[in-house]
Amino acid sequence: MNLALPALVPALPALGAAAIFATGRRAPGFARPLAVLPVAASAVLALVVALQLGTDQSLDAATRLTPTGGPDILLAIHLDGFSSLISLLVGLVATCVQIYSTAYLKDDPRYPSYAALVSLFTAAMFLVVYSGDLIVLLVGWEIMGICSYFLIGHHWETADARSASLKAFLVTKLGDVPFLFGIFLLGADAGTFRISGVLQAAAEGRLGHPTLIALLLLAGVAGKSAQFPLHTWLPDAMAGPTPVSALIHAATMVAAGIYLVARLLPVFLLSGAALLVLSVMAAVTMVGSALCALAQDDLKRVLAYSTVGQLGYMAGALASGDRDAAVFHLVSHGAFKALLFLTAGVVIHAAHTNSISAMSRMPGLRGRVPDAYWTMGIALVALVGLPPFAGFFSKEAVLTAAEHAATGEALTNGLGPASAVPSAAGWIVLVSGALTALLTAAYATRLWLVAFHSPAGAAAPVTDQANGHAAGAPYSPEIDEADPAQAEPHAMRWPLWVLAVPTMGLGVAGLRPEWLPSLLDGGSLRPSTGTAVVGTGLALAGVLIAYAAWRSATARAAAPGRVPGQAGPPAVEAIPAAEPAVTPVADPGRTLLGPLFGPAQQGFHVDRLYTVLFVRPTTAAAQLVRFLDREVVETYVRGAGNGATLLGWLVRRAQNGNAQTYVSALLAGVVLLAVLVAVGS
Amino acid sequence: MHLVYPAVLAALLFSVGVYGVLARRNVVLVLMSVELMLNAVNLNLVAFDAWLRDSLHAGQALTLFTITVAAAEIGLGLAIVLLVFRTSGTADIDRLTALGDPNEDTAEPETAGASENKAAAV
């Protein structure tokens, strides 16, 4: 195969980004084509590369980048089914997002820098996917991190965006430091940074510290893929523009951690302890985030917590030793979660608010955004995991993998012995996965019903809602400057339907072994009957429970007789106190979670815990250092200065200008010397 | 004549000269004291020349030389004194402290420390 093609895939968006950075200020008109065309061309090239490579093949090529004295750093390309599949996903989502952004950020004065950063991010993601060398992969990994930082802080006028971008950067870097050491240790043990060499070393048992390496790498993965305990940055990252959330914080960058573990899974299979840690991490993440999602009022935060949970599914599949299932879920989740975020962007533009309870009071919202309404429904069904949508098959693949791991027959597909996966990991993933299926269905249903189907919305008078901007919410240029009458321009409508196609149809690809599995390791992705029945049953149960809770909450909300100004019963959310005339909103989440609702809304106070554990000690240490610097070190500096001044003052006393004094001193000196010489001799 | 008489005389003359240089306030008198010291040296030169019976009389020759130089020197010195008196209105050596440290009177150690603090604060 011509190596220029795979090399061009990451290069084109990078060049596009450079061109936008160069011309964006002087010729902003070029920004749109320069943003869309290179990314689209890369997507096409990625497709061509995937087709040329075909199935059951891999391609490795490398050129030495720099001699290091230790293991060489190579500019290496590694192409196989995994990289083909994920590069296709990245290309598709990035193209859709770029097209969507042209309309979404139409009036944004900083659109050129935004588009350039998205292009740069796309290039970095392609680099991560194609790279066959861990150091080069790390370069892409960090470029993605810095792009994410800039893009979260796109609306840097608001304090939320500023603090969220800093938080995201710091938390992911916190994971990246151990990750870097893990890579060094891996390279030192294997004698090379090439992934193929590392895997070979793992197969031959030449890795000296597999558990340590795996745990260090897991820290970076937890940071990037927002797994517990480093997940807290992702919900806050929703301060960025919605298309960025779709591309970076749902579909691609956060999946990079999963992709990396999938690539290095043979290393992880050497360490049962690491797999156990991964499974516990995944279990805590998915259950906790699903509970949080059930309590959030911000549409994007619901989706963010949902992303965290779905990434937990992928991590669970990896902990069960089945990377096929993990990557399958990665791809299908990438498609439907990107779709969810893009529809959320449309809805937010139309409703002028992020709050789903405010949306529920909005009359006719459903009718104003019909495409977003239907595609969001499709994506939510995929998220819940009902057949025949993509999410069903990929989630069932994960559950099947966990089931096999629990019974000691892990589907490692030849990467390692099935006994490498502890059955406890399988059980943990299976139980938490089933529980999460229930919770996922509940919060997806709640989101759908509250945002679009609230009877309060139909009944509410058309008053101040029409001009948007929910009371009490801070001003946001992204939301408030959109034209609600044109919430669905073509550039925002068609990407939705493009992404809806894989959301609906991708799952079928896993059914036949010669379709999707042949691209991957060849393991079966067909859901097993037991988990399929249990998983679907739990999902249906979740939907029904949420619906019932919504019905009862709605009935109670309607019971006071819809008198404006009358507060609802306690179980009903009486949203802003500043707007007494607002009809109370029925929130099934409050009914379902009961006393857990408050903590879940705050993300179980993990942020507050981190504030107490880390932020305050750091601040206190900084104050101590400041005190030591100002009061202790500077005292010595000042003392040195004052001492010199004092000595100088003493010397200056002699220089009084009186020549007779000088001569007297001279004489005294002469006499002294003479006496000394006389006495001495 | 014993050597000790001229030597003691020279020492006394020199001491009177030193006292005059150190203690007198008038510049002219200081110059005169310097001459006294020079002449004490001259006396020594002559006395030792005679005592050592130097055939070349180097001591006496050097004394003549010194007297000449002293004459020139006193001429220059008096001219300078005259000019100093004309410009500063005084020939009092205690007041001619223009070459001294000008801050000597104001700069006390306390104020020096304070100014240092001010500089650090700035």
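If you're wondering where the values come from, they're calculated on a predicted model, not measured in any experiment.

Novice: Looking at this structure, I do not really get the overall build of chain A. What am I missing?
Specialist: For chain A, the count of helices and strands is 29 helices and two strands. Across the 681 residues in chain A, those meeting the buried criterion constitute 56%.

Novice: What am I meant to see in the overall build of chain B here?
Specialist: When its secondary structure is counted, chain B shows four helices and zero strands. In sequence order, the secondary structure elements of chain B are arranged as α-α-α-α. Burial status across chain B gives 11% buried among its 122 residues. Once local pairs closer than 6 in sequence are excluded, the contacts in chain B between residues at least 24 apart make up 49%.

Novice: Explanation requested: the nonpolar core in the structure shown.
Specialist: Generally speaking, soluble globular proteins have nonpolar side chains that are buried together. All names here are of chain A. Grouped together as the largest cluster of nonpolar side chains are 228 residues, with contacts concentrated most on Ile258, Leu294, Leu318 and Ala338. Ranked by residue count, the leading element in this core is helix H15 (residues 323-351), at 19 residues. Excluding its chain neighbours within four sequence positions, the residues that come into contact with Ala338 are Val93, Cys96, Ala246, Leu247, Ala250, Ala251 and Leu499.

Novice: What exactly am I supposed to notice about the packing of H15(A) against helix H18 (residues 370-384) of chain A here?
Specialist: For any two helices packed against each other, one specifies the crossing angle of their axes together with the interaxial distance. Residue and element names in this part refer to chain A. Closest axis-to-axis distance for the H15/H18 pair is 9 Å, and the angle between their directions is 145 degrees. Judged by the sense of rotation from one axis to the other, the crossing of H15 with H18 is left-handed. The residues of H18 that touch H15, namely those facing Phe336, Leu339, Leu340, Thr343, Val346 and Val347, are Ala372, Thr375, Met376, Ala379, Ala382 and Leu383. When its residues are assigned to classes, the contact of H15 with H18 shows 10 nonpolar, two polar and no charged.

Novice: Even after reading the chapter, I still don't get the confidence of the model for chain B, so can you show me in this structure?
Specialist: Reading predicted coordinates in detail is not appropriate for stretches of low pLDDT. All names here are of chain B. Residue-level pLDDT values for chain B average 83, and 83% of them are 70 or greater. At the level of individual helices and strands, chain B shows its lowest average pLDDT in helix H4 (residues 109-121), which scores 46, and its highest in helix H1 (residues 4-23), which scores 93. Low pLDDT, under 50, characterises residues 107-122; the stretch is placed with 13 contacts to residues that sit more than four places away or in other chains.

Novice: Where do I start with the pairing of strand S2 (residues 73-79) of chain A in this structure?
Specialist: Every regular strand shows the same layout, with side chains that alternate between the two sheet faces. All names here are of chain A. Taking burial as the measure, the seven residues of S2 include six buried ones, the bulk of the element. With seven bridges connecting them, strand S1 (residues 59-66) and S2 associate as antiparallel partners. Bridge pairing links Leu59 to Leu79 in S2. The hairpin formed by S1 and S2 contains six residues between the paired strands, and Gly69 there has a positive phi angle of roughly 90 degrees.

Novice: I'm lost on helix H28 (residues 606-654) of chain A in this one. Help?
Specialist: Note that an α-helix has 3.6 residues per turn; residues three or four places apart therefore point the same way. Residues and elements named next belong to chain A. Look at H28: 70 Å from first C-alpha to last across 49 residues, which is about the 72 Å you get at 1.5 Å a residue. At Glu634, H28 shows its strongest bend, of approximately 40 degrees. With zero of 49 residues buried, H28 lies mostly on the surface of the structure.

Novice: Would you explain the confidence of the model for chain A in this entry?
Specialist: All names here are of chain A. For chain A, the mean per-residue pLDDT works out to 81, and 90% of the residues sit at or above 70. Ranking the elements of chain A by mean pLDDT puts helix H21 (residues 455-459) last with 54 and helix H29 (residues 659-680) first with 91. With pLDDT under 50 throughout, residues 459-473 is counted as low confidence; its partners more than four residues away or in other chains account for 24 contacts. Low pLDDT (under 50) marks residues 561-583, which in the prediction has 41 contacts with non-local residues, meaning those over four places away or in another chain.

Novice: In this structure, what is going on with the packing of helix H13 (residues 272-295) of chain A against helix H20 (residues 423-452) of chain A? I would like to understand it.
Specialist: Residues and elements named next belong to chain A. At a minimum axis distance of 9 Å, the contact between H13 and H20 shows a crossing angle of 15 degrees. As far as their axial angle goes, H20 and H13 are roughly parallel. Seen along the crossing, H13 lies across H20 with a hand that is left-handed. Per-class residue counts for the contact of H13 with H20 are 19 nonpolar, five polar and one charged.

Novice: Looking at this structure, I do not really get the environment of Ala678(A). What am I missing?
Specialist: Residues and elements named next belong to chain A. Position of Ala678 relative to the elements: it lies in helix H29. Taking the C-beta count within 10 Å as the criterion, Ala678 has 8 such neighbours and is therefore assigned exposed. Separated by 393 residues in sequence, Ala678 and Thr285 place their C-alpha atoms 95 Å apart.

Novice: I'm lost on unusual backbone geometry in this one. Help?
Specialist: Excluding glycine, residues mostly carry a negative phi; peptide bonds, for their part, are mostly trans. Residue and element names in this part refer to chain A. The peptide bond linking Phe228 to Pro229 adopts the cis configuration, its omega dihedral lying at 5 degrees. As for its position among the elements, Pro229 is in the loop between helix H8 (210-224) and helix H9 (233-236). The phi torsion at Ala226 lies on the positive side, around 55 degrees, for a residue other than glycine. Note on placement: Ala226 falls in the loop between H8 and H9.

Novice: When you look at helix H6 (residues 159-190) of chain A in this model, what are you seeing that I'm missing?
Specialist: Given a rise of 1.5 Å per residue, 32 residues ought to cover 46 Å, and the 46 Å separating the end C-alpha atoms of H6(A) matches this to within 8%. Remark: Gly191(A) follows H6(A) within two positions and exhibits a positive phi of approximately 80 degrees.

Novice: Looking at this model, I keep getting lost on the environment of Leu439(A). Mind explaining?
Specialist: All names here are of chain A. When you line up the elements, Leu439 lands in helix H20. Overall, the presence of 26 C-beta atoms within 10 Å leaves Leu439 in the buried class. Through-space distance from the C-alpha of Leu439 to that of Phe336 is 18 Å; in sequence the pair is 103 residues apart. Sequence-distant contacts of Leu439, defined by excluding residues within four places in its chain, comprise Ala290, Leu291, Leu294 and Gly542.

Novice: Explain the environment of Gly54(A) here, please?
Specialist: Residue position: Gly54(A) is located in the loop between helix H2 (31-53) and S1. Take Gly54(A): there are 12 C-beta atoms within 10 Å of it, and that puts it in the exposed class.

Definitions and cut-offs
- Residues numbered from 1 in each chain as written.
- Chains lettered and ligands numbered in written order.
- Predicted model: local features only at pLDDT ≥ 70, side-chain atom pairs only at ≥ 80, totals over all residues.
- Helix = DSSP H or I, 4+ residues; strand = E, 2+ residues; numbered from the N terminus.
- Buried ≥ 20, exposed ≤ 12 C-beta atoms within 10 Å, placed from the backbone.
- Contact = placed C-beta atoms within 7 Å.
- Core = buried A, V, L, I, M, F, W, Y, C linked by C-beta atoms within 7 Å.
- Axes fitted to C-alpha atoms, helices over the stretch in contact; angles between N-to-C directions.
- Left-handed = near helix turned anticlockwise from the far one by under 90°.
- Nonpolar A, V, L, I, M, F, W, Y, C, P; charged D, E, K, R; others polar.
- pLDDT = per-residue confidence, 0-100.
- Pairing = 2+ DSSP bridges.
- Expected span 1.5 Å × (residues − 1).
- Bend = angle between axes of the 7 residues up to and from the residue.
- Parallel < 35°, antiparallel > 145°, perpendicular 65-115°, else oblique.

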